[in-house]
Amino acid sequence: MSSLERYGDRTMRIGNTERGALTEILRAAVDQGYIDLDEYEKRVDVLLAAQTVGDAEVVLADLPAYQRIIDAQEPEKLGTPDWIKWLWFGFSIPIGINFGVWAVVEALTEGSVYFWPIWVIVPLAVIGTALTAAERFIMRPAEERKRKERLRRKRNR
C-alpha cells in the first residue's frame, strides 16, 4: 500500500501549484544528497507531466521529506475532553471537604474516628471512573473514526 492510499484518491488531479510545491521537495532532496542532479532532472520531467496524485507519487514516494509530509497529514490524537477534567475537578471538591472535616475531627478527638468520608469518596470515584472509561473506550474511538472519515472525504473532493 502506498503512502497516499491511506489518505485519499490517487486519481485526483493536480495543478501547477501542487507541481511547484512538489518540485521544491525534489530540490530539497538534491540539497540533502538523496538524489543527484541527473536524477533530479528526470524526476522533475515526470513530475511536470504528472496529471494525478498517483503520477506524482511515483517520483516522490522514496524521499524522506515527502514521507514526513504525508505522515504529518494524519489527524492528531484527541486529548482528554474538558468535561472529563471538570468532572474530576467537581468531584474533588466534596471529597476534599469531607476528608478535611474528617481530618480535623480526627485530630481534635481522642482515639480513632470512623472514616465516614469513604461513603462520599467511593461512589464519586466509581461514577468518575465509569464515565472516564466510557469516554476512553467507547466515545473516543468513535470520534477518531468520524474524524478520519471526514478527513478522507475532504481529501477526495
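Owing to the predicted nature of the structure, the values given are computational and were not obtained by experimental measurement.

1. Topic: a nonpolar patch on the surface
Thought 1: Side chains of Trp 83, Ile 127, Leu 131, Phe 137, Ile 138 and Met 139 sit close together on the surface and give an oily, nonpolar patch of about 630 Å² of accessible area.
Thought 2: Considering every element that reaches the nonpolar patch, the biggest residue donor is helix H6 (residues 118–156), with five residues.
Thought 3: We classify Met 139 as partly exposed; its relative accessible area is 44%.

2. Things to note about the pattern of salt bridges
Thought 1: In this structure the tally under the stated criterion is five salt bridges.
Thought 2: The partner of Arg 140 in a salt bridge is Glu 135, and the shortest N-O contact between them spans 3.1 Å. Glu 135 matches Arg 140 in its accessibility class, with the two residues each being buried.
Thought 3: What emerges from the salt-bridge pattern is a single network uniting Glu 39, Arg 43 and Asp 62.

3. Overview of the nonpolar core
Thought 1: Of all hydrophobic cores here, the largest spans 17 residues; its most connected members are Ile 25, Leu 26, Leu 60 and Leu 63.
Thought 2: Of all the elements in the fold, those that place two or more residues in this core are helix H1 (16–31), helix H2 (37–49), helix H3 (53–60) and helix H4 (64–72).

4. So, the environment of Tyr 34
Thought 1: On the secondary structure map, Tyr 34 appears in the loop between H1 and H2.
Thought 2: For Tyr 34, a relative accessible area of 46% gives the class partly exposed.
Thought 3: Sequence-wise, Tyr 34 and Asp 62 are 28 residues apart; in three dimensions their C-alpha atoms are separated by 9.5 Å.
Thought 4: With residues near it in sequence (within four places) discarded, Tyr 34 still touches Ala 29, Leu 63 and Pro 64.

5. A closer look at the packing of H2 against H3
Thought 1: Interaxial distance between H2 and H3 falls to 8 Å at its minimum, and their mutual angle equals 170°. When the axes of H2 and H3 are compared, the pair comes out roughly antiparallel. Between H2, through Arg 43, Val 46 and Leu 47, and H3, the contact on the second element is made entirely by Asp 55, Ala 56 and Val 59.
Thought 2: The residue inventory of the contact of H2 with H3, partitioned by class, reads four nonpolar, no polar and two charged.

6. Here's the deal with the packing of H1 against H3
Thought 1: Interhelical geometry of H1 versus H3 gives an angle of 10° and a closest axis separation of 11 Å. As summarised for this structure, H1 and H3 are arranged roughly parallel, according to the angle between their axes. Within the contact between the two elements, H1 uses Leu 22, Ile 25 and Leu 26 and H3 uses Ala 56, Val 59 and Leu 60.
Thought 2: Taken together, the residues of the contact of H1 with H3 sort by class into six nonpolar, no polar and no charged.

Basis of the calculations
Residues numbered from 1 in each chain as written. Predicted model: local features only at pLDDT ≥ 70, side-chain atom pairs only at ≥ 80, totals over all residues. Heavy atoms only, no water. Patch = residues over 30% accessible without salt bridge, like charges linked within 9 Å, V, L, I, M, F, W, Y side chains within 5 Å. Areas by Shrake-Rupley, 256 points an atom, 1.4 Å probe, with all protein chains shown as cover. Salt bridge = Lys/Arg side-chain N within 4 Å of Asp/Glu carboxyl O. Helix = DSSP H or I, 4+ residues; strand = E, 2+ residues; numbered from the N terminus. Buried < 20%, exposed > 50% of the residue type's maximum accessible area, 1.4 Å probe, protein only. Core = buried A, V, L, I, M, F, W, Y, C linked by side-chain atoms within 4.5 Å. Contact = heavy atoms within 4.5 Å. Axes fitted to C-alpha atoms, helices over the stretch in contact; angles between N-to-C directions. Parallel < 35°, antiparallel > 145°, perpendicular 65-115°, else oblique. Nonpolar A, V, L, I, M, F, W, Y, C, P; charged D, E, K, R; others polar.

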